[in-house]
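Examination of the molecular architecture
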Amino acid sequence: MKAFEKNIRKVVPYVPGEQPQNKVVKLNTNENPYPPSPKVREALQKIDTERFRLYPDPTSGGLVEALAEYYHVEPEQVFVGVGSDDVLSMCFLTFFNSEKPVLFPDVTYSFYKVWAELYRIPYECPKLDAEFRIVKDDYKRENGGIIFPNPNAPTAIYEELDVVEEIIRENQDVIVIVDEAYVDFAGRSAMELIAKYENLIVVQTFSKARSMAGMRIGYAISNPRLIRYLNDVKYSFNSYTMDQTALVCGVEAVKDQEYFVRTTKTILETREWAKKELAGLGFVFPDPRANFIFARHPAYTGRELFEMLKQKNIYVRHWDTERIADYLRITIGTKEEMQQLFDCLRDYMEEESHLIL
Ligand SMILES: *Cc1c(COP(=O)(O)O)cnc(C)c1O
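Rules behind the numbers
Residues numbered from 1 in each chain as written. Predicted model: local features only at pLDDT ≥ 70, side-chain atom pairs only at ≥ 80, totals over all residues. Heavy atoms only, no water. Helix = DSSP H or I, 4+ residues; strand = E, 2+ residues; numbered from the N terminus. Rg over C-alpha atoms; globule rule 2.2 N^0.38 Å. Contact = heavy atoms within 4.5 Å. Lys, Arg positive; Asp, Glu negative; His and termini not counted. Charge placed at Lys NZ, Arg CZ, Asp CG, Glu CD. Near = heavy atom within 4 Å. Polar contact = N/O pair within 3.5 Å; in protein donor to acceptor, adjacent residues only side chain to side chain. Areas by Shrake-Rupley, 256 points an atom, 1.4 Å probe, with all protein chains shown as cover. Nonpolar A, V, L, I, M, F, W, Y, C, P; charged D, E, K, R; others polar. Domains from an automatic or database assignment. Buried area = accessible area lost by both parts, 1.4 Å probe. Salt bridge = Lys/Arg side-chain N within 4 Å of Asp/Glu carboxyl O.

Here's the deal with the overall build of the protein chain
From N to C terminus, the protein chain includes ten helices and eleven strands. Taking 21 Å as the expected radius of gyration for a compact globule of 357 residues, we find that the protein chain reaches 21 Å, a close match to that expectation. For the protein chain, the spread of C-alpha atoms along the three principal axes comes to 65 × 55 × 50 Å. Expressed as a percentage of contacts within the protein chain between residues at least 6 apart in sequence, the contacts between residues at least 24 apart total 73%. Charged side chains of the protein chain number 44 positive and 55 negative; the gap between the two group centres comes to 3 Å.

The structure is reproduced here in structure tokens:
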């Protein structure tokens, strides 16, 4: 081994879902099946490439203001970043700086563990209960901060706001981050608790309900003090996180409320139909409150169904990890895409049952 090896920061990276470059039915990374608002395309066509000469606005002012207006908060309460992954990573670096362990659920967004390891933050993972629900009493002990998604990923389970509030209220000596990547498909946001609790940060993204995963825009809403701490870290890291184009497109996406409501509603309708279809095929799943369903079939392993679907060019997500190896995480696509999935599953199951007979 080379001597320098021992001083290299080694990490086990997060593994993103596959992005196959050929055409497949892509239900594996919770992207939106619909394009972003047509206003985004119009704005893009007007972009003056001459301005690419210049650095973008380091404060991301226009986008920050659009978000502040949308959520009825002050611009000083908004932080934006390159996808919520960037925002969350900055939050870990800024707020999780204690000797005590940060808490997040055992089954959750797998990036949390990666950032904790990267930044050498101690952490513990209280177990979700047998139904994959958060056990709120597990978060009533000494800790160095708390983070969880609501709805949770990959389970799609939404905890009502009173549960979220209890966790925030019981932990006012540390920062609590609620990762609301999927809240637009779920219910009430913890955003309404921002004025009440100084220790709360709510993080959201343009990647899911706003159809802009490729543009990389995420944001945090909190009180001005915590946002200032976040900005201090950001400016100590990279002043120009958001590019010119993302800033322009982001503003247009926020403004087109009507389009956002319409596409979200369509996804929710498709989800309700998908629940019936999957149940009819014998799948079981917790009540999905996101743009995906976390389902298992009592007669098949997760891996078997995952491989079979992939062979047919239908991509869903599967993990070989403890507790969830028998589950598939299926993103809600268009009705046509979902129909292809159900047809494929039905054909396979019929074939299999003939083999048994
Ligand atoms: C998708 C997702 C994110 C990150 O999304 P970005 O594309 O980086 O904004 C964050 N948290 C959870 C739970 C997610 O599922």
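What about the site of the ligand?
Around the ligand sit 13 residues in total, of which Ser84, Tyr182, Thr205, Ser207 and Lys208 are the nearest. Contact distances for the ligand include 2.6 Å between an oxygen atom and a side-chain N or O atom of Ser207. Contact between the ligand and Lys208: an oxygen atom at 3.1 Å from a side-chain N or O atom of the residue. Here the ligand loses 93% of its free accessible area of 390 Å² to cover by the protein chains. Residue composition of the shell around the ligand, grouped by class: five nonpolar, four polar and four charged.

Considering the domain arrangement of the protein chain
On domain assignment, one finds that the protein chain holds domain 1 (3-34 + 258-356) and domain 2 (47-256). Between the C-alpha centres of domain 1 and domain 2 the distance comes to 25 Å. The interface is formed by 30 residues belonging to domain 1 together with 35 residues belonging to domain 2. Summing both partners gives a buried area of about 2,700 Å² for domain 1 against domain 2, and 59% of it is carried by carbon and sulfur. Seen at the junction of domain 1 and domain 2, the total is two salt bridges. Linking Asp106 and Arg323 is a salt bridge whose minimum nitrogen-to-oxygen distance equals 2.8 Å. Counting the contacts that link domain 1 with domain 2 gives 15 residue pairs in polar contact (both at pLDDT 80 or more). Listed by contribution, the elements that provide at least two residues to the side of domain 1 that touches domain 2 are helix H8 (257-280), strand E9 (292-296) and strand E11 (327-331). If you tally residues by element for the side of domain 1 that touches domain 2, the top one is H8, at seven residues. In terms of residue class, the side of domain 1 that touches domain 2 is built from 17 nonpolar, five polar and eight charged.

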